[in-house]
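Chains, contacts and geometry: an overview
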Amino acid sequence: MNAVCDLPFEKKSVIPVDPRTKLFLTITVSTIMMSGSVGSVMNYIRPCLAILPVCLLLFSKRWKAVANFSLTYFILFALEIEVLPLLSGFWNFLLGALVGIYTHILPGFVMGYYLIDTTTVSEFVAAMERMYIPQKIVIPVSVIFRFFPTVIEEYFSISDAMKMRGIATLRSPMKMLEYRVVPLMMCVVKIGEELSAAALTRGLGAPEKRTNICRIGFGVVDILLSVIAVFCWAAFLIW
Amino acid sequence: MDTKNNKLQAKDLINVGIFTAIYFVLFFVGMMAGYIPIFIVLLPLICPILCGIPFMLYLTKVKIFGMVTLTGLILGLLALLMGSGIEVLVAGLVFGLLADLIFKAGNYRSLKWTIIGNGVFSLWIMGYVSRMFLARDAYFAKVAAGYGQEYADTLMSYTPGWVFPTLFVVAFLGGVLGALLGRAVLKKHFEKAGMLDA
């Protein structure tokens, strides 16, 4: 058993959080932050929910991400509190919308980043199997889970390549679309085929039930976080 | 492994995952443009056109009933995870299933049915927009609180009630245009690269 504990993916964070808790928290943070609020209690809950994912990243020792997201939060709040009241008319409208969008989406985005970055595909599959989700959904979703970082990484590499060739601006949107989407799809489909072959070799789709090395389960932290999330939902739906 | 041809196999499910991922990323890029208030009305037009390219390539690999339904369902789940609410999940499942039935009518090969099917599939985006119309007062009160009154007013003036049914038509047209664009790109690039065999 000690050997299992020493595997690198088993010791990713100071406080391990179950993938199911992460999923629940992601839905909580993104839904509540996205929909905005008018109630008085929500004025306290929203900042807490915005900070929660950053704290979770901190406990997972993602220093760089913590620094980046904290800085972004700081700039956004500074803009909202200091700069926004000074402006009027069109600029107020523009900046208000921009800051509004970022403060609404960013917490959910950070939470999603946390979910994807700190959960391995195996853990995620184990969690979904524990939730009795059928294989027909587990397989595609785990592929997507594995693929999001890849697609985004490839997208940025391709944009860099296209910038070097001078296809960067919005001068010709059709050309930009063609020269970015087509290579992106080519390489992602190729990667996908390789992934598919690798997964089949490892017995995905075999009639037997697969075993999983990841040990997931609810702990004190999960209960605590779930209670907080349920409280937020109650506040969100009642007020 | 089961060699029957009409059952979903692991390879098909992996394909569902790959193309749903590309679809969602492109969709998200389109959504970002939608936050400029005027564009939110154009959203149902832009996103399906953008997503037409991966979807047409996806359809060359779809031969079994259920894959498109799964794509719709999973897109809905992803949207739910990103905080867009339960409406999108329902829309994704319903229009995914309808589109799947239409593709099946053309045996997953007929161009005519494919184009119509892509139009129908694109209607899932209406799940995003529906809240703006179905729970109008609550929605705009929240928009005003979060984004400022001016943003809410602008958005409201662009979206009178009759826009809702119009947007369904727009989304359908977006899907049709996306399918045509996707087909053109497919012919130009992917056939040459030998990616249409599968």
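Residues numbered from 1 in each chain as written. Chains lettered and ligands numbered in written order. Predicted model: local features only at pLDDT ≥ 70, side-chain atom pairs only at ≥ 80, totals over all residues.

Quick notes on the overall build of chain A
- Along the backbone of chain A there are 9 helices and 0 strands.
- Helices and strands appear in chain A in the N-to-C order α-α-α-α-α-α-α-α-α. (Helix = DSSP H or I, 4+ residues; strand = E, 2+ residues; numbered from the N terminus.)

As for the overall build of chain B
- Counting secondary structure elements, chain B contains 9 helices and 0 strands.
- In sequence order, chain B lays out its α and β elements as α-α-α-α-α-α-α-α-α.
- Scored against the burial criterion, the 198 residues of chain B give a buried share of 51%.
- Partitioning the contacts of chain B with sequence separation of at least 6, the portion at a separation of at least 24 is 72%. (Buried ≥ 20, exposed ≤ 12 C-beta atoms within 10 Å, placed from the backbone. Contact = placed C-beta atoms within 7 Å.)

Points about the interface of chain A and chain B
- Chain A puts 43 residues into the contact, and the matching count from chain B is 41 residues.
- Elements with a contribution of two residues or more to the side of chain A that touches chain B: helix 2 (19–35), helix 5 (89–118), helix 7 (135–164) and helix 8 (173–201) of chain A.
- Looking at side-chain class alone, the side of chain A that touches chain B contains 26 nonpolar, 15 polar and 2 charged residues. (Nonpolar A, V, L, I, M, F, W, Y, C, P; charged D, E, K, R; others polar.)

Quick notes on the confidence of the model for chain A
- On average, residues of chain A carry a pLDDT of 80, and 89% of them reach 70 or more.
- pLDDT under 50 marks residues 1–6 of chain A. Its contacts with residues more than four places away, or in other chains, come to 3 contacts. (pLDDT = per-residue confidence, 0-100.)

Brief notes about the environment of B:Phe65
All names here are of chain B.
- Within the secondary structure, Phe-65 sits in the loop between helix 2 (39–59) and helix 3 (67–81).
- The spatial distance from the C-alpha of Phe-65 to the C-alpha of Val-29 is 29 Å, given a sequence separation of 36 residues.
- Non-local contacts of Phe-65, meaning those with residues more than four positions away in its chain, are made with Asp-100 and Lys-104.

Considering the nonpolar core
- Grouped together as the largest cluster of nonpolar side chains are 84 residues, with contacts concentrated most on B:Ile18, B:Ile22, B:Tyr23 and B:Ile125.
- Here B:Tyr23 is in contact with B:Cys51, B:Pro54, B:Phe55 and B:Leu75, once residues within four sequence places are set aside. (Core = buried A, V, L, I, M, F, W, Y, C linked by C-beta atoms within 7 Å.)

Quick look at helix 2 of chain A
All names here are of chain A.
- The terminal C-alpha atoms of helix 2, which comprises 17 residues, lie 24 Å apart, in line with the 24 Å expected from a rise of 1.5 Å per residue.
- Counting buried positions over the 17 residues of helix 2 gives 12, a clear majority of the element.
- For helix 2, every residue scored as buried is listed here: Pro-19, Thr-21, Lys-22, Leu-25, Thr-26, Thr-28, Val-29, Ser-30, Thr-31, Ile-32, Met-33 and Ser-35. (Expected span 1.5 Å × (residues − 1).)

Section: the packing of helix 2 of chain A against helix 9 (residues 220–238) of chain A
Residue and element names in this part refer to chain A.
- It is the contact of helix 2 with helix 9, at a shortest axis distance of 10 Å, that shows an interaxial angle of 25°. Taken as axis vectors, helix 2 and helix 9 run roughly parallel relative to one another. For the crossing formed where helix 2 meets helix 9, the hand is left-handed. Taken together, the residues of helix 9 that come into contact with helix 2 (itself represented by Thr-21, Phe-24, Leu-25, Thr-28 and Ile-32) are Asp-222, Leu-225, Ser-226, Ala-229, Cys-232, Trp-233 and Phe-236.
- For the contact of helix 2 with helix 9, the residue count by class is 8 nonpolar, 3 polar and 1 charged. (Axes fitted to C-alpha atoms, helices over the stretch in contact; angles between N-to-C directions. Parallel < 35°, antiparallel > 145°, perpendicular 65-115°, else oblique. Left-handed = near helix turned anticlockwise from the far one by under 90°.)

Some details on unusual backbone geometry
- Here A:Lys61, not a glycine, exhibits a phi torsion of approximately 60°, which is positive.
- Residue classification places A:Lys61 among the exposed positions, given that 12 C-beta atoms sit within 10 Å.
- At B:Asn107, a position not held by glycine, the phi torsion is positive, near 60°.
- Residue classification places B:Asn107 among the exposed positions, given that 9 C-beta atoms sit within 10 Å.

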